[in-house]
Amino acid sequence: PVTVSGRTLLEVCAGPDGFDPRQSQGADRPLEGAAERAPESVSVGVVTEGFGRDESDSDVDETVMAAIDRCEDQGVDVRQVSIPMHEQGAAIHRGVSTEETAALLRDRGMGRYLQGFYDAELAEYVGRVRRENPDALPVTLKARLLLGEYLANEYDGRIYAAAQNRRPALRAAYDEQLEDVDVLAMPTATKLPHEVDPAAGVA
């Protein structure tokens, strides 16, 4: 059997795919060796706007801060940073991803207009499931699809365009802080997982 380290596996999986036209072809950044850096050489920016939000669960905030404190105890340079535009990040993400999710299913999971490998078998399968058994789709996906179609039909792309046009400024706000620190730290989800209700069907 072949043994592969976690770092090597991450190196292989990270970066642009090169074939998938649905994926942004960003820069390929080497990761091998990054884990060997001494803690004292690593800096972490704690995004103040990522904590204490109205929708935040205090347990989540406390757990993330505890992890950051452990890093600081190991010698990591921990700093507070402020990114005011982070407050708009969730709305910008929803404005883009909701309509794109609906469009992607409409296009049978393939997307359009970009060069790359298009999986015909995947497209056929997704299209068949959509026609013959749409109820098999998860409840959360159905809700997103309904909202995506509503926004596209009701606003004729205006919401999507406005959100897309804000993306460069949002990315630049994060990149500005990343010029001074290696990593930005905050909760990736503001709440604990919901309890599964078997009566609600597939979540």
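Just so it is clear, the structure is predicted and the values come from calculations on it, not from any experiment.

(A) Structural context of a negative patch on the surface. Negative charge collects at one region of the surface, where Asp175, Glu176, Glu179 and Asp180 lie side by side. Relative to the helices and strands, Asp175 resides in helix H6 (residues 158–178).

(B) Looking closely at the side chain of Thr98. Here Thr98 shows up in helix H3 (residues 86–106). The exposure class assigned to Thr98 is buried, which follows from its relative accessible area of 4%. Those residues in contact with Thr98 that sit more than four places away from it in its chain are His93, Arg144, Leu147, Gly148 and Leu151.

(C) Quick peek at the confidence of the model for the chain. Of all residues in the chain, 89% attain a pLDDT of 70 or more, and the chain-wide mean is 86. Ranking the helices and strands of the chain by mean pLDDT puts strand E2 (residues 77–81) first, with 97, and helix H1 (residues 6–13) last, with 72.

(D) Inspection of the packing of aromatic side chains at higher detail. Counted according to the given criterion, the structure contains one aromatic pair. Relative to Tyr155, the ring of Tyr150 lies with its centre 6.4 Å away and its plane at 85°, an arrangement referred to as edge-to-face. Since its relative accessible area comes to 29%, Tyr155 is described here as partly exposed.

(E) A look at the environment of Tyr118. Within the secondary structure, Tyr118 sits in the loop between H3 and helix H4 (120–132). The class for Tyr118 is partly exposed, based on a relative accessible area of 28%. Measuring from C-alpha to C-alpha, the distance between Tyr118 and Pro21 comes to 7.5 Å, with 97 residues separating the pair along the chain. Ignoring any residue separated from it by four or fewer positions in sequence, one finds Tyr118 in contact with Pro21, Met110, Gly111, Arg112 and Tyr113.

(F) Here's a closer look at the sheet that holds strand E1 (residues 43–47). The three strands lie next to each other as E2-E1-E3, forming an open sheet whose pairing is parallel. The open sheet has two edge strands with one neighbour each: E2 and strand E3 (183–185). The sheet shows a mean angle of 30° between the axes of neighbouring strands, direction not considered. For E1 and E2, the ladder comprises five bridges, and the chain directions are parallel.

Analysis parameters
- Residues numbered from 1 in each chain as written.
- Predicted model: local features only at pLDDT ≥ 70, side-chain atom pairs only at ≥ 80, totals over all residues.
- Heavy atoms only, no water.
- Patch = residues over 30% accessible without salt bridge, like charges linked within 9 Å, V, L, I, M, F, W, Y side chains within 5 Å.
- Areas by Shrake-Rupley, 256 points an atom, 1.4 Å probe, with all protein chains shown as cover.
- Salt bridge = Lys/Arg side-chain N within 4 Å of Asp/Glu carboxyl O.
- Lys, Arg positive; Asp, Glu negative; His and termini not counted.
- Charge placed at Lys NZ, Arg CZ, Asp CG, Glu CD.
- Helix = DSSP H or I, 4+ residues; strand = E, 2+ residues; numbered from the N terminus.
- Buried < 20%, exposed > 50% of the residue type's maximum accessible area, 1.4 Å probe, protein only.
- Contact = heavy atoms within 4.5 Å.
- pLDDT = per-residue confidence, 0-100.
- Phe/Tyr/Trp six-rings, centres within 6.5 Å; stacked < 30°, edge-to-face > 60°.
- Pairing = 2+ DSSP bridges.
- Axes fitted to C-alpha atoms, helices over the stretch in contact; angles between N-to-C directions.

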